[in-house]
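# Remarks on the overall topology
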Amino acid sequence: MSDEEHHFESKADAGASKTYPQQAGTIRKNGYIVIKGRPCKVVEVSTSKTGKHGHAKCHFVAIDIFTGKKLEDIVPSSHNCDVPHVTRTDYQLIDISEDGFVSLLTETGSTKDDLRLPTDENLLTQIKEGFAEGKDLVVSVQSAMGEEQICGLKDIGPK
């Protein structure tokens, strides 16, 4: 064997810490699951009985938490599924730029400027109108698997 050390330069992210395994049979409605590499919220779960040869299967119907697309998956109930780590963080809205990005105030007092306005029309108009009226707005940012999106809005009163 050679004494040389092998160094691997990898630009790809394994994504291991973005999800955790959970047995398919234990995932319930309103839980989260990864389907086709996308973090989704489960809206319907149905379990089929075991067949002559094999496993009971779980049929998941879920909605992508960022795009709103409906996705389906069928997994044996004894197998593990990836479940995304989904977090919600509240930030105070400071500014909305011309190009559709928002400037948010974090807990530590620094600013976060890498988030776009939401694509949801209803939420978008609420944010723009509230900001134009000079209200103090707090936005909820949902993050999972390296993606972030504004998903909610709270009004904490006038400035």
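- As annotated in an unreviewed UniProt entry, the protein chain is Eukaryotic translation initiation factor 5A from Sesamum alatum.
- As recorded by UniProt, the Sequence similarities (unreviewed entry) comment attached to the protein chain reads in full: "Belongs to the eIF-5A family."

### Thoughts on the nonpolar core
- Counting residues in each nonpolar core, the largest one holds 14 residues, and the members touching the most others are L93, V102, L104, I127, V139, V141 and I150.
- Within the residue set of this core, elements represented by two or more residues are β7 (87-96), β8 (101-105), α1 (121-132) and β10 (135-144).
- Setting aside anything within four residues of it in sequence, one finds V102 in contact with L93, D95, I96, K112, D113, L115, L117 and I150.
- Membership of the second largest hydrophobic core comes to 13 residues, among which are A24, I27, V42 and C81.

### Points about the environment of D136
- The topology assignment puts D136 in strand β10.
- Sequence-wise, D136 and Q92 are 44 residues apart; in three dimensions their C-alpha atoms are separated by 7.5 Å.
- Reaching out from D136, the side chain makes a polar contact with the side chain of Q92 at a distance of 3.2 Å.

Scoring rules and cut-offs
- Residues numbered from 1 in each chain as written.
- Predicted model: local features only at pLDDT ≥ 70, side-chain atom pairs only at ≥ 80, totals over all residues.
- Heavy atoms only, no water.
- UniProt positions renumbered as here; feature names shortened; annotations may be inferred.
- Core = buried A, V, L, I, M, F, W, Y, C linked by side-chain atoms within 4.5 Å.
- Buried < 20%, exposed > 50% of the residue type's maximum accessible area, 1.4 Å probe, protein only.
- Helix = DSSP H or I, 4+ residues; strand = E, 2+ residues; numbered from the N terminus.
- Contact = heavy atoms within 4.5 Å.
- Polar contact = N/O pair within 3.5 Å; in protein donor to acceptor, adjacent residues only side chain to side chain.

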